[in-house]
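Here are the chains, one letter per residue:
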Amino acid sequence: MSPIDEEQIQGLKGLRDFLKKRTSYDVLPLSFRLIVLDNDLLIKKSLNILIQNGIVSAPLWDSQNSRFAGLLTSTDYINVIQYYCQFPNELDNVEKFRLSNLREIEKAIGVHTIETVSVHPSRPLFEACSRMLKSRARRIPLVDIDDETGRETVVSVITQYRILKFIAVNTEQHTSLLKKTIQEIRLGTYKNLATCKMTDSVLDVINLMVVHNISAVPVIDKNNTVLNVFEAVDVIPCIKGGAYDELKSTVGEALTKRPEDFQGIYTCTEGDRLESIFQTIRQSRVHRLVVVDDDHKLRGMLSLSDILKYVLFHGEEGDYFPPS
Ligand code: ATP
């Protein structure tokens, strides 16, 4: 085994030990806010609340049964849009839908429900990551039981982004050992890439995301040069106020509606080492990286789940996932 291979294995082992020693509580900042939405809220109103608060997801609360009722994410709005497309005469009904109707919408359009897994905040972070990756969710709610009432309490929600940031900030001694390039470790997706053009309609791109089960589509020109990335969260401003007709507008128009503090897109090349990808994560708000060549032409997509999966499971055998 080459010294680079050995270092890589040592780095991964260090990261896994770190994730097994730390808990989800450790990832939370000292002070944070949590916006929980009542399951009885109109879907239309929930959109405005997300936009006003600059967030893209929220836990749902069933106040009749005092129970955690799942997580609202941009996928739910994409489902509502698909429902509207499949049943265009039902706009009046769509307007009246409440968050508690989301499961019925999934059934009506025949999509697979994302299992709402949660984890106790004091369980090892490794377990939270495994559960999240297993369910294909991009975030996991931390649910505790209140000692006095015996009822569930949602403490917070942690995302892949937050976990990778936590790893990147706290484990430089391990991540600096990851000297192999993303090409060498075949990290990311390079075949059957879903792409779009600036002139494509938002609806077409939403369909691509649904068909490929992805949350970002690179926007390229006719020469395959990367211009931008359309993300699932970009759908939210498009349907603000129930303006479903805006979905017929182009990707280019939709991208102008991004919040002012939008951080931009991040790219890397196949020759970049995982070490330097972690450096980018440490320094910036990265939600995915577009892999480009020296001429900025599209080569592939590197998602946070690709990185997290590699960190947790590369080289391991068997079933890594703890029972739910
Ligand atoms: P998020 O990006 O929301 O954090 P994620 O990390 O699961 O979620 P997705 O974008 O849903 O990322 O990617 C899921 C899988 O699909 C990954 O293996 C990724 O490499 C691949 N992928 C991402 N974007 C595309 C695309 N445009 N075309 C084809 N495959 C893609």
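Along each chain, residue indices are assigned from 1 in the same order as the chain's sequence is written. The predicted nature of this model means local features are confined to residues of pLDDT at least 70 and side-chain atom pairs, given and counted, to a pLDDT of 80 or more, with totals for whole chains, interfaces and linings taken over all residues. Side-chain calculation: all heavy atoms of the structure are included, whereas hydrogens and water are not.

1. What about the domain arrangement of the chain?
Examined at the domain level, the chain breaks down into domain 1 (14-169) and domain 2 (181-313). Each of domain 1 and domain 2 has a C-alpha centre, and the two are 22 Å apart. Once two parts are put together, the accessible area they lose, assessed with a 1.4 Å probe and summed over both, is termed the buried area. For the pair domain 1 and domain 2, the summed buried area comes to about 3100 Å², and 75% of that belongs to carbon and sulfur atoms. By definition here, a salt bridge exists when the distance from a side-chain nitrogen of Lys or Arg to a carboxyl oxygen of Asp or Glu is within 4 Å. For the interface between domain 1 and domain 2, the tally reads zero salt bridges. In protein, a polar contact requires one atom able to donate a hydrogen and another able to accept it; more generally it is a pair of N or O atoms within 3.5 Å, and residues adjacent in sequence count only if both atoms are side-chain atoms. On inspection of domain 1 and its partner domain 2, the count reaches nine residue pairs in polar contact (both at pLDDT 80 or more). By the criteria applied, helices consist of DSSP H or I runs no shorter than four residues and strands consist of E runs no shorter than two, each listed in order from the N terminus. Residue assignment for the side of domain 1 that touches domain 2 shows that the elements contributing at least two residues are helix 1 (3-21), helix 3 (43-53), helix 4 (74-86), helix 5 (91-96), helix 7 (125-135) and helix 8 (160-170). Amino acid classes used here: Ala, Val, Leu, Ile, Met, Phe, Trp, Tyr, Cys and Pro are nonpolar; Asp, Glu, Lys and Arg are charged; the rest, including Gly, are polar. Its residues assigned to classes, the side of domain 1 that touches domain 2 comprises 24 nonpolar, five polar and six charged. In this entry, domain limits derive from an automatic or database-based domain assignment.

2. Things to note about the site of the ligand
We call a residue near a molecule or strand as soon as one heavy atom of that residue lies within 4 Å of the molecule or strand. Not every one of the 18 residues close to the ligand is listed here, only the nearest: Arg138, Thr189, Ser215, Arg288 and Asp306. The separation between an oxygen atom of the ligand and a polar side-chain atom of Ser303 is 3.3 Å. Note that accessible areas follow from Shrake-Rupley with a 1.4 Å probe, and for residues the cover is restricted to the protein chains shown. Protein coverage of the free-state accessible area of the ligand, which is 620 Å², stands at 88%. The set of elements that each furnish at least two residues to the shell around the ligand consists of strand 6 (216-220), strand 10 (298-303) and helix 14 (304-313). Looking at the shell around the ligand element by element, the count peaks at three residues for helix 14. Residues of the shell around the ligand, tallied by class, amount to seven nonpolar, seven polar and four charged. Both domain 1 (14-169) and domain 2 (181-313) contribute no fewer than three residues apiece to the shell around the ligand.

3. So, the sheet that holds strand 10
In short, DSSP must find at least two bridges between two strands for them to pair. The strand order 8-9-10 describes an open sheet built from three strands, whose pairing is mixed. Each end of this open sheet is capped by a strand with a single partner; those strands are strand 8 (266-268) and strand 10. Across this sheet, the average inter-strand angle for adjacent strands is 35°, counted without regard to direction. In the sheet, strand 9 (residues 288-292) pairs with strand 10 via five bridges, with the strands oriented antiparallel. The residue bridging Arg288 from the neighbouring strand is Ser303, located in strand 10. Residues are treated as being in contact if the distance between any of their heavy atoms lies within 4.5 Å. Helix axes are fitted only over the stretch in contact, all axes being lines through C-alpha atoms; the angle between N-to-C directions runs from 0 to 180 degrees. In this fold helix 14 packs onto strand 9 and strand 10, with an angle of close to 60° to the strand it touches most, strand 10.

4. Considerations on the nonpolar core
Phe278 and Ile307 are the most contacted members of the largest nonpolar core, which has 45 residues in total. With seven residues, helix 14 is the largest single contributor of residues to this core. If you count residues domain by domain, this core takes at least three from each of domain 1 (14-169) and domain 2 (181-313). With residues near it in sequence (within four places) discarded, Phe278 still touches Leu164, Ile167, Ala168, Thr175, Leu178, Ile307 and Val311. Core analysis: the second largest hydrophobic core is formed by 40 residues, Val94, Val202, Cys238 and Leu255 among them. Among the buried residues, those of types Ala, Val, Leu, Ile, Met, Phe, Trp, Tyr and Cys that are joined through side-chain atoms within 4.5 Å form a nonpolar core. The buried label applies to any residue whose accessible area, calculated with a 1.4 Å probe on protein chains only, is under 20% of its type's maximum; exposed applies above 50%, and partly exposed to all values in between.

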